[in-house]
Structure formats: C-alpha cells, structure tokens
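Read off the chains here:
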Number of protein chains: 2
Amino acid sequence: MATREFTHAVIEPAIGPLNKGLGPIPAGQARRVEWNLLREDLSLPAAVLYQDRLMHNLNWMREFIQAYGVRLAPHGKTTMAPRLFEMQLDSGAWGITVATAHQAFVAYEHGIRRVLMANELIGKENFAIVSRMLRDPGFEYFCLADSAAQIELLGAYFAEQSQHIHILLELGVMGGRTGIRNNAQLNEVLAALARWKDTIALDGVEIYEGVLDEEAAIRAFLQRAVETARRLRDEARFQRTPFLLSGAGSAWYDVVAEVFTAAGFGDSVEIVLRPGCYLTHDVGSYRRAQERILHNNPVAHHMTSGLIPALHVWAYVQSVPESEKAIIGMGRRDAAFDSGLPVPALHFRPGTRSPEAAPADWETTKLMDQHAFLKIAPGDDIKVGDMIAFDICHPCLTFDKWRVLPIVDRNFNVVEVIQTFF
Amino acid sequence: MATREFTHAVIEPAIGPLNKGLGPIPAGQARRVEWNLLREDLSLPAAVLYQDRLMHNLNWMREFIQAYGVRLAPHGKTTMAPRLFEMQLDSGAWGITVATAHQAFVAYEHGIRRVLMANELIGKENFAIVSRMLRDPGFEYFCLADSAAQIELLGAYFAEQSQHIHILLELGVMGGRTGIRNNAQLNEVLAALARWKDTIALDGVEIYEGVLDEEAAIRAFLQRAVETARRLRDEARFQRTPFLLSGAGSAWYDVVAEVFTAAGFGDSVEIVLRPGCYLTHDVGSYRRAQERILHNNPVAHHMTSGLIPALHVWAYVQSVPESEKAIIGMGRRDAAFDSGLPVPALHFRPGTRSPEAAPADWETTKLMDQHAFLKIAPGDDIKVGDMIAFDICHPCLTFDKWRVLPIVDRNFNVVEVIQTFF
C-alpha cells in the first residue's frame, strides 16, 4: 500500500462537518485534507466511489453511445451529485435527465443548461420553479405530458407567464406507470395541445420501457413509440427540428438504441437515451441486465469489458457475538436493500497491507436501520474493528442515503469529496 | 379554511434553497415566509409535520414516563432533527439516544449535552470524534460494549488520550444483533474491563429487546438484564451511582418499564427508555404495537388517548392513465416502504375549501423510485393536480429521505421549517 504520497483533496466550504461518512473537516478557508480510507481517516460507515472505475464506466458508455450515434442524457436522479453530472457531460453527454422540478433546479443551479425532466410536471410551486429557470434564455428544459388535464394546467400557468414550455409526449402501457395508453388518450392530448399551441411546444416522444420485463413486449412498445413519432412528424406536430425520441433506463438501453436507430428517421430525429446507473453500476439487477447486454448486443459484445461496480459502502465489524454471525455497522440508513442486500466484497484489517477479497461464503442475511447481519463460518478470521467493503444492489437508493461521498484513487487516498442534493 | 392569517415561519440561513419539499426561499438575511400547504406554496412531494400532533405525542409520552418514574432518552436516529430533540428535551427527556458517532456529533453540535449511543463504538475516526467531544467537561456520553476485543480497542485509544470513556454492557440473545450472549462472554468482557479500569468506566447495563417478537421471550430477556445488573451491582462493578439500566425501542417500552421498575433497585438505578418513533408515530408496525400497549399496559390503558400519526408525505396526482390507477409523484425516494407502503389519508383539490379523508378503498399498490401506484375505483373523483397526503409506515426510513421538513398548524400554515442531519 503506497500511502506515502497522498493526494490533497480540497473540501469545499459548502461541505459542513455534520455529514456522515467523512472524517473531521479542518476549519478555515483552505480545507485541504490528506485522508486515506485504509488508514482509518474516515468515519465509517462511508459510501466510497472509485475514481478509476468511474472513468472506466464513463468511457464504456461513451463508446457505446457513439457507436449508435445517439445522445446520452444520463438520469441524474440516480446520484443527484452535480460533480458526477459534470463528469458525465465532460464525457460527451448531451444533457442531464431528472425526475422532478426540484432535481431540475439542483441541476440548473450547478450549471447544467439542458435538462430533460422525464416526468410529468405538476403543481403550482413546481411550475414556478421551472418558470424561474426558463427566464434564463440559455436554459433548455423539456418535461413530459400524458393527459389533456395536465396540458390544461401547464398551458394556463405558462400562458400567464408569457413563457413557452417544451414537452415530450409520454407513451405508456396498460399496467405500467405514467403515459398515454391508447389512441383516444393521444387524440385528447393532441386536441389540448392545439388549444395551447402558442404556449406549449411539442418537441418529441418519450417512453420508459423499464416498466416491462419481457424483451418482446419492450420491442413492441418501442415500435409503438416509433410509429407514434412518425405519425406526429407526418402531421407536422413537432415544433423542434430535429424532434426528440427518448427512452431507456439502465437495463434495456441497448434494445432502445437498436430499435430507435433502425427506425430510419435519419437527421430528422435526435435519439436520447437516459440510463443513470451505468456510472456506478451495481451487483444487483443492473449486473444481470449488463450480462444480457454484453451477450446479446452486437456493439457491447465487441467491447473489451463491461461496466464495473464503482461504489462501495465501507463499514466496521462491530461485534462477532456468535460463531456464524458478525454484526456490521451499516444498515438501511446506508445502503439500498430493495433489490438485494449489500454483498461483502473486500475485507481489511487496519494495520495490514491491503484489503483482500471477502470470502465467497460471507453473506449479508439481514439489514436493520443501522446494522447488518453478516453470515460467516465458524473459525473465519474476522475481528471486531475489521473493515468490510460492500458492493451494493441499486445505486439510486444508496446515493440518497449520503450527502457527501469521497472519491478514492487506487491507493484509497481521498482525491475528491462530492455532494449530493436530495 | 382560515388562510387569511398566516404565521410567519423564519427560515434559518443554514437552510439552502436546494432541498426538496419547500418552496422558493426568499433571498436575504431575514427569510420570513408565509407558506400554506393547501395554497400550493410548497414544492411537492413534501414531508410535513403537524404541530398539534407532535405536541400531543410529546405530552402522551411524558405522562407515560412520569407514571413509571423512569427516564426518557428518545432515540434520535429516528428523526436526526435537532429541533425535534430540543422539543423532546423541553418535554422532559433526560438525554438523546443515537446510533453512531456521527449522530452523537450532530446532537452535540446542536447543544445536546447527554448522549446515550446505543451501539458499540468502533473505529479510529469514530473514536476521535467522541474524544473531541469529551474534551467538553459538560458533555456526558455513554456507548455500549459487548466484547473483550472492543474493550481493548477502546481502552488503548482513550488511555492514549488520557480520557475516560463511559460504557454500558450490552446483553444480547442468540439469533439477535449485538450483545453479550452468555456468561463466558460476560466474564471475558469483565476481565478486559479490569485491565482498563482507569480508562473505561462501567456505568450500567443495556439491552434492545426489539430483536425479539414474543412477549414471553422479551420478559425473560429483561429479567436476565435485571439479574446481570444485580450481579454487577453486588460485585461493585459500576462506577456510576445510580447505575443505568436501559432498554426499549418503540414497540415494547411498556413492558420494559414494567419489568425494570419492578426489579426493586430503588434509588440505586436510573432506568432509561429509548423509544424514538413515538414522536411522529406511524400507521405500520408502531400503530400495531401501540394498540397492544393501550390494551395491555395499565398506565397506557387509563390515558385518554394513544399516539397519533404526525407526519404526512404530500404529493400530486400526476396522471390517471387507467380507470383503476392513479400515478402519484412520490416514491421510494420520499417515504419508507420496508414496513408497509404509504397509506392515502387525505385528498385535496387545490382551490377547494379543505382536505377530505381519502376513500378507504384507495390503496398504494407499488412504489417505484419517484412514483407511487394508487389503486382507485372506476369513476372516483380524482384528477391530475389533486394533492394526496399519505400516512407512512416506519418514520426512520422516511425522515432520512428529507433534509428539511415544514411543520404546519391546523390551518396548514407553515410555522417552522426543521432540518435533518444524516
């Protein structure tokens, strides 16, 4: 472990000392820190990002997106970390996707100037938040609409502000989430849009295929989006050139890229994909999705490697009260548990050289609010005070547990501390 | 709805504009706001506390605790809201319980001067956090210990600082969480304590009975704690007079109060109960627990009413895409889902007089990250733009989704905005 040469991370003044997962933040203006995770400089539990793995994932997705000639608007709701948005934009992203007016505002306040809100905008104060941002002529914002009722609310509000609001029509499926289900609903929305044509600009079509599980159903849904977009284009309903055609969560972006690029819209369309979890990846549903993508997708199949998990939650062994059980100082307050429990990845004993892979038979069997139950085997070399790094399943619900996350280099030196805004 | 007379809430400078669940925060020093929830002044989703219900619950617990003549150290990890800690102390609490060194630090920085950390303290940086607080002679801090290994780590660190650290021995049960399982472990811990007697003060005994489900097993566990405390007292192991005997989460505090007060320790003990969820209550496992308490416990049985839910998550109807389904702008990012999904409580249409009880057959059937699926009946009067208030199941995992929560009065005027620190 080369801990002699530390990179100095600079802690921004905005980062107060009251967030979990850091060490003591030096007082004063220039708050440079020389923290090393393995030297126990951080207060665990801590959610830690790996610089090289983030870079690997950024590059992987850029290569994939470029191969298809599509746009990437990573879903920012996953991390809500403007510093990571910045890395994504630096790596070629076209814009940032968000889920709420609040999230759009966070992105805007951190300099993001193209936001796709992949959700229906609703509510007076949410309208007001968007309206204030739209006073900036350099700010490009799109939200979704899926009902005449919503169009009426949007139209009335933004007409009163003498502002234009840009929308994508969201299509949905029966049994799914939001989105227009059928032609009758579509025609109602189009009629409402005709009433508000001076206020609301229809710029494209959007779907979220992730509400479906089966590839055949997903392909059919994507095809429906293509056909709807074709109809709307042929009817000259779009006010944007090129119009936008957007889909894709983190599990089916390959199929979305394939079907949308095969639609033959040429230069008349911008295809926008919105995966959010690729940046940190996980060892849960997105790892399974990625295995399918690497196997099935011709572009991904020829890339040298896949995405790799770039986020660990590190925590201490607090107690080994039974021969087959260790209690870890990490819980539902620290890691997602809705898509699989955290998986022990590394085991480190302070004072030793470097972490080792956690034994394959160690398993998190239960998560309480502040504790994890780790199943071990009798006689395993595990002690109170040892550090364990856990891979996580579902980045979104892990990020929202943390207000600050250190980024470490290969030597576990903290090179940066990033903030989240939830 | 008497919306003419607004109470002015003052937004502290520490509250930035980037937190979800508020409206636009006025710039400048004196940031007084006149927000009313029903006038749509807040950006939904928002987690909202009800002033009168908080007061009711505070008073209820004070009365209960006083009837037993025990101490209350509410578990602060539930809310991590120092303003609520303050209300709890104002209502007679003896101290605040926390689960981690970070949480202890948050409490300390907000003026709390007696902290019971109901968890094993582990890790160099966590030791350092506690050590710095202990330099304040006015700060009283207790943590738990359950292994000789941990005692050695604590002893070595605090001896080097020439500081004393105060611990409670934690007892645990087989199949449970942390805590000493048997006499052999107890004797090992006592031997380790003898080696560090100048550094580590043994001040009492602690259990968390909430790892058990059955009342008989809980009573047996409590009895074991009483017997262990008696042995340690008789052996003059305690350095504090009176010694501490602590137990109780939010589900079995009545039984803990009963058994511990019946132990006959008289003035030689301070019994400290640690429920955390009573303040906001819920409609999940704690409502069920409270029903048992009101039915079985002689003190609670004679009180005029029980605890009442004091926290709602308010959100908009975003879409009604199917005749039996509405999509709500609230998800796993906004409310706990591990102990039951949020339950629709109130339905309000902006512009109308006041909220009405949500129909009893409305039901949250699914929670995604940012959306809820609400089952409705065909023909129900529900529209895009309506506001729904949801009761929640499990306050802890709801609070940690929010950095700020407005407190409203009976007229839904915001009278205060509180911060959380996770």
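Look up: the structure comes first, before these words.
This structure is a prediction, so every number in the text was calculated from the model and none was measured.

1. Things to note about the relation of the copies chain B and chain A
(1) Moving on: Mapping chain B onto chain A calls for a rotation angle of 180 degrees and an axial translation of 0.0 Å; the resulting RMSD is 0.0 Å. This pairing of chains is accounted for by a two-fold axis. For chain B, the smallest separation between a C-alpha atom and the rotation axis is recorded for Lys401(B), amounting to 3.7 Å.

2. Topic: the packing of helix H6 (residues 183-195) of chain A against helix H7 (residues 215-234) of chain A
Residues and elements named next belong to chain A.
(1) Moving on: Contact pair H6 / H7: the axes reach a minimum separation of 13 Å and the direction vectors enclose 35 degrees. Like other packed secondary-structure pairs, H6 and H7 cross with a definite hand, here right-handed. Seen from H6, the contacting residues are Asn183, Leu186, Asn187 and Leu190; seen from H7, they are Thr228, Arg231 and Leu232.
(2) Moving on: Looking at the contact of H6 with H7, its residues break down into three nonpolar, three polar and one charged.

3. What to know about the packing of aromatic side chains
(1) Moving on: Applying the stated criterion across every chain, the model contains 29 aromatic pairs over all chains.
(2) Moving on: Summarising the aromatic geometry, the rings of Tyr108(B) and Phe139(B) are spaced 4.9 Å apart at their centres and angled 75 degrees between planes, so their arrangement reads as edge-to-face. Placement of Tyr108(B) in helix H3 (residues 101-109) and of Phe139(B) in the loop between helix H4 (124-134) and strand S7 (140-145) is noted, with a sequence separation of 31 residues between them.
(3) Moving on: The buried category is assigned to Tyr108(B), whose relative accessible area is 14%.
(4) Moving on: Overall, Phe139(B) belongs to the buried group, its relative accessible area being 6%.
(5) Moving on: Grouped by ring-pair contacts, the aromatic residues Trp60(A), Phe64(A), Tyr68(A) and Tyr253(A) constitute a single cluster.
(6) Moving on: The ring of Tyr50(A) has Arg53(A) sitting right over it, with the charged end atom 4.1 Å from the ring centre.

4. Notes on the interface of chain B and chain A
Where interface size is given, it is often the accessible area lost as the parts come together that is meant.
(1) Moving on: If you look at the interface, chain B gives 76 residues, while chain A gives 76 residues.
(2) Moving on: Taking both sides of the interface into account, the surface hidden between chain B and chain A amounts to around 6100 Å²; carbon and sulfur atoms contribute 53%.
(3) Moving on: Considering only the surface of chain B that becomes buried against chain A, Leu18(B), Arg333(B) and Arg403(B) emerge as the three largest contributors, covering 13% of it.
(4) Moving on: Taken together, the connections running from chain B to chain A amount to twelve salt bridges.
(5) Moving on: The partner of Lys124(B) in a salt bridge is Asp41(A), with the nearest N and O atoms 3.6 Å apart.

5. A word on helix H8 (residues 253-261) of chain B
Residues spaced three or four apart along an α-helix point in a common direction, a consequence of the helix completing one turn every 3.6 residues.
Residues and elements named next belong to chain B.
(1) Moving on: Within H8, seven of the nine residues are buried, leaving the element largely enclosed by the surrounding structure.
(2) Moving on: Here H8 has its buried residues at Tyr253, Asp254, Val255, Val256, Ala257, Val259 and Phe260.
(3) Moving on: Buried residues in H8 make contact with helix H1 (51-68), strand S9 (200-207), helix H7 (215-234), strand S10 (243-247), strand S11 (269-273) and helix H9 (285-296).

6. Quick look at the nonpolar core
(1) Moving on: Residues Leu121(A), Tyr141(A), Leu121(B) and Tyr141(B) are the most contacted members of the largest nonpolar core, which totals 239 residues.
(2) Moving on: Among residues more than four places away in sequence, those in contact with Leu121(B) are Ala101(B), Asn126(B), Phe127(B), Val130(B), Tyr141(B), Cys143(B), Leu144(B), Gln150(B), Leu154(B), Phe158(B) and Ile165(B).

What counts, and at which threshold
Residues numbered from 1 in each chain as written. Chains lettered and ligands numbered in written order. Predicted model: local features only at pLDDT ≥ 70, side-chain atom pairs only at ≥ 80, totals over all residues. Heavy atoms only, no water. Least-squares fit on C-alpha atoms with pLDDT ≥ 70 in both. Axes fitted to C-alpha atoms, helices over the stretch in contact; angles between N-to-C directions. Helix = DSSP H or I, 4+ residues; strand = E, 2+ residues; numbered from the N terminus. Left-handed = near helix turned anticlockwise from the far one by under 90°. Contact = heavy atoms within 4.5 Å. Nonpolar A, V, L, I, M, F, W, Y, C, P; charged D, E, K, R; others polar. Phe/Tyr/Trp six-rings, centres within 6.5 Å; stacked < 30°, edge-to-face > 60°. Buried < 20%, exposed > 50% of the residue type's maximum accessible area, 1.4 Å probe, protein only. Lys NZ or Arg CZ within 6 Å of the ring centre and 35° of its normal. Buried area = accessible area lost by both parts, 1.4 Å probe. Salt bridge = Lys/Arg side-chain N within 4 Å of Asp/Glu carboxyl O. Core = buried A, V, L, I, M, F, W, Y, C linked by side-chain atoms within 4.5 Å.

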